[in-house]
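Remarks on the overall topology
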Amino acid sequence: MSPLKAQPATLAVWGGETGPSYEHATQVPVVHSVSFGYEDLDTWEAVALGRAPGHIYSRNSNPTVRAFEDKIRDLEAAEAATSFSSGMAAISATLFALLRPGDRVVSIKDSYGGTHKLFMEFLPAFGIQVQLCETANAAQIETEIARGCRLLYLETPTNPTAKVIDIARLARAAHACGALVAVDNTFATPINQQPLQLGADIVLHSATKYLGGHADALGGAACGSSALIKRLFHFREINGALSPMDAYHLLRGMKTLALRIERQNASALSIAHWLERHPHIEQVNYPGLERHPQHAIARSQMRGFGGMLSFSVRGGLEAIKVILPRLRFAHRAANLGCVETVVGPPLLTSHVECSAEERAAAGIPEGLVRYSTGIEAVSDLIADLEQALRALD
Ligand SMILES: Cc1ncc(COP(=O)(O)O)c(C=O)c1O
């Protein structure tokens, strides 16, 4: 379906869903069929060669999955999008489809734990060099780009310490050296930030998180120009696809994306302000706080500051072992971005794959709590944190 232009809240509802659908169903049907049959060989050939619309085999394309791809494409205001079975599948496909032995990637120390593993373990095994820089040091990143770079890989705000990177500034530096720029936009979502508008070439998502929003489907997506997405799609049609049932759940979740993000932006900001003043809290990391070191960059490139924050409690790991079990309105789980509030220490969530030394090098204290604000009433969430923290008095 051709791209739709409208406000984000409208695109969340209608993106990928404006065409005629099976038997006039108003909701995108879940097409489980693995293959699509044609009565005559000429039509089959035209579809197989991309000269006529249609589908051949669901690893390549599927109507339900296509609707999901069109919706995220519209929300990111991209020319094209393709989907993956998870966020990590989207990230690995991007790296393996675009890089060759001898290439150099410049990235940050604070990327998601799984991405970090790809950088440290998998890419070097294929002869690809990765230079990880201090996340908040734009000048150092620029210097490393100038030393040679095929791909600049960014994630902002970061997981779990909520650092913010100036996408436009670094995209300019990367393009000046002929490098491509990929940005993981999982935390911000297109409601809060559109990296393609800031100069990025590829936007990546773990759709498992905010896009789906209900923690009931894994998925990933990449958005960008038609030419770049064609290269990623070529890898993914060989490697495996998003399942139609997951695409359906993601599509349904995305209809409320703008509403959920508006609520989560507002609640996370109130909670961050409240935590900042609490005597048992050592530090709060949230880009919406004025004293956040990159608040000015966040203001300039984000429409809202997101639902993710992290905080360290005085007393470290022992203190969070006391307070987290006392929260009534939070899952203690390795997930984020859903309608329920979810909490967990990064040592059991985003950075569980990392050694204690790697976490320390990434500036992640063992007593840090990652807090994914849900859509509950913020007064209940604050009261819940208050009663849990009282156990430390
Ligand atoms: C920022 C970010 N990117 C990518 C991923 C990986 O996504 P998935 O679990 O869907 O593979 C995650 C998972 O938590 C994440 O937080």
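Here we summarise the structure given alongside this text. (Residues numbered from 1 in each chain as written. Predicted model: local features only at pLDDT ≥ 70, side-chain atom pairs only at ≥ 80, totals over all residues. Heavy atoms only, no water.)

1. Re the packing of aromatic side chains
What characterises a pair of aromatic rings is the spacing of the ring centres plus the angle enclosed by the ring planes. Per the counting criterion, the structure on display carries three aromatic pairs. For the pair Phe96 and Phe126, a centre-to-centre distance of 5.2 Å together with 75 degrees between the ring planes defines the contact as edge-to-face. With Phe96 in helix α4 (residues 87-98) and Phe126 in the loop between α5 (113-125) and β3 (129-133), this residue pair connects regions lying 30 residues apart in the sequence. Using a relative accessible area of 48% as the deciding quantity, one classes Phe126 as partly exposed. Ring plane angle 80 degrees and centroid distance 5.4 Å describe the contact between Phe119 and Tyr153, whose orientation is recorded as edge-to-face. In this pair, Phe119 is assigned in helix α5 and Tyr153 in strand β4 (residues 151-155), connecting sequence segments 34 residues apart. Accessibility expressed as a relative area gives 1% for Phe119, which makes it buried. (Phe/Tyr/Trp six-rings, centres within 6.5 Å; stacked < 30°, edge-to-face > 60°. Helix = DSSP H or I, 4+ residues; strand = E, 2+ residues; numbered from the N terminus. Buried < 20%, exposed > 50% of the residue type's maximum accessible area, 1.4 Å probe, protein only.)

2. Quick word on the site of the ligand
Contacts to the ligand come from 15 residues, most closely from Gly87, Met88, Asp184, Ser206 and Thr208. With respect to the ligand, the side chain of Asp184 contributes an N or O atom lying 2.6 Å from a nitrogen atom. At 2.8 Å from an oxygen atom of the ligand is found a side-chain nitrogen or oxygen belonging to Ser206. For the ligand, the protein covers 91% of the area, taking 390 Å² as the surface of the free molecule. Here the shell around the ligand gets three residues from one element, more than from any other, and that element is α4. In terms of residue class, the shell around the ligand is built from five nonpolar, seven polar and three charged. (Near = heavy atom within 4 Å. Polar contact = N/O pair within 3.5 Å; in protein donor to acceptor, adjacent residues only side chain to side chain. Areas by Shrake-Rupley, 256 points an atom, 1.4 Å probe, with all protein chains shown as cover. Nonpolar A, V, L, I, M, F, W, Y, C, P; charged D, E, K, R; others polar.)

3. With respect to the side chain of Asn192
Inspection of the secondary structure assignment puts Asn192 in helix α8 (residues 189-192). On the basis of relative accessible area, Asn192 is assigned to the buried category, the value being 2%. Within the structure, Asn192 has its side chain in polar contact with the side chain of Asn265 (distance 2.9 Å). Discounting residues that sit within four places of it in the chain, Asn192 has contacts with Ile261, Asn265, Gln301, Met302, Arg303, Gly304, Phe305 and Gly306. (Contact = heavy atoms within 4.5 Å.)

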